[in-house]
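Listed here are the chains, written in short residue letters.
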Amino acid sequence: GDQVEQSPSALSLHEGTGSALRCNFTTTMRAVQWFRKNSRGSLINLFYLASGTKENGRLKSAFDSKERYSTLHIRDAQLEDSGTYFCAADPSSNTNKVVFGTGTRLQVLP
Amino acid sequence: GPKVLQIPSHQIIDMGQMVTLNCDPVSNHLYFYWYKQILGQQMEFLVNFYNGKVMEKSKLFKDQFSVERPDGSYFTLKIQPTALEDSAVYFCASSPGFSNERLFFGHGTKLSVL
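In this text the structure is predicted, and so the values were computed from the model without any measurement.

Rules behind the numbers
- Residues numbered from 1 in each chain as written.
- Chains lettered and ligands numbered in written order.
- Predicted model: local features only at pLDDT ≥ 70, side-chain atom pairs only at ≥ 80, totals over all residues.
- Heavy atoms only, no water.
- Phe/Tyr/Trp six-rings, centres within 6.5 Å; stacked < 30°, edge-to-face > 60°.
- Helix = DSSP H or I, 4+ residues; strand = E, 2+ residues; numbered from the N terminus.
- Buried < 20%, exposed > 50% of the residue type's maximum accessible area, 1.4 Å probe, protein only.
- Lys NZ or Arg CZ within 6 Å of the ring centre and 35° of its normal.
- Polar contact = N/O pair within 3.5 Å; in protein donor to acceptor, adjacent residues only side chain to side chain.
- Contact = heavy atoms within 4.5 Å.
- Pairing = 2+ DSSP bridges.
- Axes fitted to C-alpha atoms, helices over the stretch in contact; angles between N-to-C directions.
- Salt bridge = Lys/Arg side-chain N within 4 Å of Asp/Glu carboxyl O.
- Core = buried A, V, L, I, M, F, W, Y, C linked by side-chain atoms within 4.5 Å.

Here the structure, examined in full by the defined rule, presents twelve aromatic pairs over all chains. Consider the rings of B:Tyr35 and B:Phe105, whose centres lie 5.6 Å apart with planes at 50°: the pair is tilted. With B:Tyr35 in strand S4 (residues 31–37) and B:Phe105 in strand S10 (residues 104–105), this residue pair connects regions lying 70 residues apart in the sequence. Overall, B:Tyr35 belongs to the buried group, its relative accessible area being 0%. Taken together, a centroid distance of 5.7 Å and an interplanar angle of 85° make the contact between B:Phe61 and B:Phe65 edge-to-face. Residue classification places B:Phe61 among the buried positions, given a relative accessible area of 10%. The exposure class assigned to B:Phe65 is buried, which follows from its relative accessible area of 5%. One aromatic cluster is present, formed by A:Phe35, A:Phe86, A:Phe100, B:Tyr35, B:Phe45, B:Phe91 and B:Phe105 through successive ring pairs. We note A:Arg22 situated over the ring of A:Tyr69; from NZ or CZ to the ring centre the distance is 4.1 Å.

Below, the structure is given as structure tokens:
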């Protein structure tokens, strides 16, 4: 069955506010990545986590393998944060297969 | 839920040979994509495809690359001839519509060019 459920599918924020994106996993994952799709279509790595939390500027990500979820928090949103964000995770089973969320389309409004 | 299947999961070939990577996209999706990820690097966009045509391609989509989806079967990425720098994981994705930013990804095909 589906291994990654990403929510919300779409999100609108006013500049200066914040929110969180979430990926729930149906199985234990070894690590998670968060990406942002740029204007050329490439997926830019934001975070790679095997556990715990990481912070970079206005972005913060957390990954709890035991509770089977990961979050991406955005604070003080800016117009240039608009775009589509994806999570991707490595299952703990030895399959070498990456599973993706279907994306969250973030729109930051003035 | 909808699934994108990629076949095979791992392919090993000698440099100079031809390789075809197969993708079975979600059945009612109209837009198809290939991405390339070299170990430790960003996942880079290669190409998107709609209605039998390449809509957009990146600089990474070399002349040796081609895509097609004959008669609604597999969406394929063919590399002929392969080069060592083609070693990477290739991800296929599909989407219901171009304005729909949600992409459904396959698990990836690891290509090793020797």
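There is more to say after this.
With that out of the way, let us pick up the side chain of A:Ser61. Residue and element names in this part refer to chain A. Mapped onto the elements of the fold, Ser61 is located in strand S7 (residues 59–64). For Ser61, a relative accessible area of 0% gives the class buried. Of the polar contacts made by the side chain of Ser61, one reaches the side chain of Trp34; its length is 3.3 Å. Sequence-distant contacts of Ser61, defined by excluding residues within four places in its chain, comprise Trp34, Phe47, Leu49, Gly52, Thr53, Lys54, Ser70, Thr71 and Leu72.

Turning our attention to the sheet that holds strand S3 (residues 19–24) of chain B. Residues and elements named next belong to chain B. Spatially, S1-S3-S8-S7 is the arrangement adopted by the four strands of the open sheet, whose pairing is antiparallel. The open sheet is flanked by strand S1 (5–7) and strand S7 (65–68), the only strands paired with a single partner. Taking each pair of neighbouring strands and ignoring which way they run, the sheet shows an average axis angle of 20°.

Now for the pattern of salt bridges. Residue and element names in this part refer to chain A. Taken as a whole and assessed by the stated rule, the structure comprises two salt bridges over all chains. In this structure, the salt-bridge partner of Asp81 is Arg58, at a minimum N-O distance of 2.6 Å. One end of the pair, Asp81, is in the loop between strand S8 (69–74) and strand S9 (83–91); the other, Arg58, is in the loop between strand S6 (52–56) and S7, and 23 residues separate them in sequence. Among the residues examined, Arg58 registers a relative accessible area of 25% and is labelled partly exposed.

Next up on the list: the nonpolar core. In this structure, B:Trp34, B:Leu46, B:Val67, B:Phe75, B:Leu77 and B:Tyr90 are the most contacted members of the largest nonpolar core, which totals 23 residues. Of all the secondary structure elements, the ones that give two or more residues to this core are S3, S4, strand S5 (43–50), S7, strand S8 (75–79), strand S9 (88–95) and strand S11 (109–113) of chain B. Counting residues in each nonpolar core, the second largest holds 22 residues, with A:Leu21, A:Leu49, A:Phe63 and A:Cys87 among its members.

Fair warning: the whole summary comes from geometry, so function is off the table for now.
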